[in-house]
Amino acid sequence: MDGKLVPWDDAQVHVLTHGLHYGYAVFEGIRCHRTERGSAVFRLEEHLTRFLESARIYRMKMPFDLAALRRATLDLIAANRVPEAYLRPIAFSGYGQMGLDPTQSPICVAIGMWEWGAYLGADGVERGVRATVSSWVRMDSRSLPPQAKCAANYANSALAKMEAVSGGYDEAILLNSAGVVAEGPGENIFRVKHGIVSTPPASSGILRGITRDSVIRFLMDEGLEFRRNDFTREELFTSDELFYTGTAAGITPIREVDGRPIGTGTYPITKRLQARYEDAIHARTPQYEGWLTFGT
Ligand SMILES: Cc1ncc(COP(=O)(O)O)c(C=O)c1O
């Protein structure tokens, strides 16, 4: 927290923390994994770059640079001696002056970490999850820029997630204000039809996922045809395969959307991508080792 290692129970903030009231906070979700050469962080550089870019979009003066954040992340992993975990860097307007203008409060930076299994469950990764198209529309860059990972965006995500869960589904799919598919509340989405894989482009109002980017690389390396293009709600229903991607969710197949089973339920392409991803994060593929940062 703010440059110091702090015991879990002491990592507290004041109830009048500015960002808690007005959502002025940017964050990241990163994972480290156990490998034969110790703990390895997956795409640390890209996550920290996105963290700094989120702060720039919000004119937030980040008190630490990329090198300091990288060092802090590795020190935290080493201090906790937990090789396989989820890491959550966050920068927020702290305790200072209440009222909307965040520039009157200090920017606090913290990184937390904890052991966290697959976000949509190990069973979901294996057998697929049941999704529903949300009645909530994904906010767009005229209101809240989706490419900044800002805490405020997740109020929109929480509405969609709660609606999905209370309707008996595992996860939501959000359409954007043009009515085409954007993403999940905390995941990007991919579609497979006739062997061609597609995902909505950045201009659809999505977070540019780092797992999404990794999957695009896997598709190239698999020699599969890939397109960044919009697809509609009805094209979800007629897909051969659908899957979510995200640091928390990994690569999770979608087995059903609003009561319609997707494809044959075997997900051959999704399974190939999952295998590549598992090998990459656990340092079993030399060609993807450039994505890993090992502790020192
Ligand atoms: C809204 C949203 N979309 C997509 C993603 C996936 O991004 P990544 O693969 O970088 O974790 C996330 C998770 O961070 C997210 O919160």
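By convention here, each chain's residues receive numbers from 1 onward along its written sequence. Owing to the predicted nature of the model, reporting of local features is limited to residues with pLDDT of at least 70; listing and counting of side-chain atom pairs is limited to 80 or more, with chain, interface and lining totals taken over all residues. Side-chain metrics rest on all non-hydrogen atoms present in the structure, leaving aside hydrogens and water.

Q: Summarise the nonpolar core; cite the residues concerned and give the values.
A: Definition used in this section: a nonpolar core is a set of buried Ala, Val, Leu, Ile, Met, Phe, Trp, Tyr and Cys residues joined via side-chain atoms within 4.5 Å. Under the scheme applied here, a residue whose accessible area is under 20% of the maximum for its type counts as buried, over 50% as exposed, and between as partly exposed, the area being computed with a 1.4 Å probe on protein chains only. Core analysis: the biggest nonpolar cluster contains 27 residues, and Val26, Val41, Met60, Leu87, Ala91 and Met113 have the highest contact counts within it. Secondary structure elements follow DSSP: runs of H or I of four or more residues count as helices, runs of E of two or more count as strands, with numbering from the N terminus. The biggest single contributor to this core is helix H3 (residues 66-80), with five residues. The contact rule is simple, with two residues in contact once any of their heavy atoms fall within 4.5 Å. Ignoring sequence-local partners within four residues, the contact set of Leu87 consists of Glu28, Gly29, Ile30, Arg31, Cys32, Thr73, Leu76, Ile77, Ile111, Gly112 and Met113. Formed by 22 residues, the second largest nonpolar core is a distinct cluster that contains Val197, Leu224, Phe226 and Tyr288.

Q: I'd like a rundown of the site of the ligand, residues and numbers included.
A: The ligand sits among 17 residues. The nearest are Tyr154, Glu183, Ile210, Thr211 and Thr247. One of the backbone N or O atoms of Ile210 is found 2.7 Å from an oxygen atom in the ligand. Here the ligand has 380 Å² of accessible area as a free molecule, and 96% of this is covered by the chains. Just so you know the grouping, Ala, Val, Leu, Ile, Met, Phe, Trp, Tyr, Cys and Pro go in nonpolar, Asp, Glu, Lys and Arg go in charged, and all remaining residues, Gly too, go in polar. Taken together, the residues that form the shell around the ligand break down as four nonpolar, eight polar and five charged. Here a residue counts as near a molecule or strand whenever at least one of its heavy atoms sits within 4 Å of it. Two N or O atoms form a polar contact when they lie within 3.5 Å of each other; inside protein one atom must be a possible hydrogen donor and the other a possible acceptor, and for residues adjacent in sequence the pair counts only when both atoms belong to side chains. Note that accessible areas follow from Shrake-Rupley with a 1.4 Å probe, and for residues the cover is restricted to the protein chains shown.

Q: How would you explain unusual backbone geometry if you had to name every residue and give the values?
A: Phi angles above zero are rare outside glycine, and Arg43 is one such case at about 55°. By the secondary structure assignment, Arg43 is in the loop between strand S3 (38-42) and helix H2 (44-57). At His194, a residue that is not glycine, the phi angle is positive and equals roughly 50°. Tracing the backbone through its elements, the reader meets His194 in the loop between strand S9 (188-193) and strand S10 (196-199). Look at His194 and you get exposed, because its relative accessible area is 66%.

Q: Just give me the short version of helix H5 (residues 153-166), but keep the residues and values in it.
A: The length a helix should cover is 1.5 Å for every residue beyond the first. Given a rise of 1.5 Å per residue, 14 residues ought to cover 20 Å, and the 20 Å separating the end C-alpha atoms of H5 matches this to within 8%. Restricting attention to buried positions, one finds in H5 the residues Asn153, Asn156, Ser157, Ala160, Lys161 and Ala164. All buried residues of H5 lie within an arc of 130° about the axis, which places them on one face of the element. Residues of H5 that are exposed and point more than 90 degrees away from the buried face comprise Met162 and Ser166. For H5, the elements touching its buried residues are strand S6 (129-133) and strand S7 (171-175). Gly168 occupies a position one or two residues after H5 and carries a positive phi of about 90°. The directions from the helix axis to the C-beta atoms are what the arc is built from.

Q: Could you give an account of the side chain of Asn156, naming the residues involved and the relevant values?
A: The topology assignment puts Asn156 in helix H5. Taking the relative accessible area as the measure of exposure, Asn156 reaches 12% and is therefore buried. Only 2.9 Å separates the side chain of Asn156 from the backbone oxygen of Val137, close enough to count as a polar contact.

Q: Go over the environment of Glu235 with me, naming the residues and quoting the values.
A: With respect to the element layout, Glu235 can be found in helix H7 (residues 233-237). Classification of Glu235 by relative accessible area gives partly exposed; the value is 30%. When the C-alpha positions of Glu235 and Lys193 are compared, they lie 9.1 Å apart, and in sequence the two are 42 residues distant. Ignoring any residue separated from it by four or fewer positions in sequence, one finds Glu235 in contact with Arg191 and Asp230.

Q: Mind laying out the pairing of strand S4 (residues 85-93), listing which residues take part and the relevant values?
A: In terms of burial, S4 is largely enclosed, as seven of its nine residues are buried. Following DSSP output, two strands are said to pair if at least two bridges run between them. One ladder, built from three bridges, connects strand S1 (residues 25-27) with S4; its direction is antiparallel. When the bridges of S4 are listed, Ala25 appears paired with Phe92. Taken together, the three bridges between strand S2 (residues 30-35) and S4 define a ladder with antiparallel strand orientation. Residue Ile30 lies in a different strand from S4, and its bridge partner there is Leu87. Examined bridge by bridge, S4 and strand S5 (residues 107-114) share eight bridges and lie antiparallel to one another. Of the residues in S5, the one forming a bridge with Ile90 is Ala110.

So, to be careful, I would describe these as geometric facts and stop short of saying anything about function.
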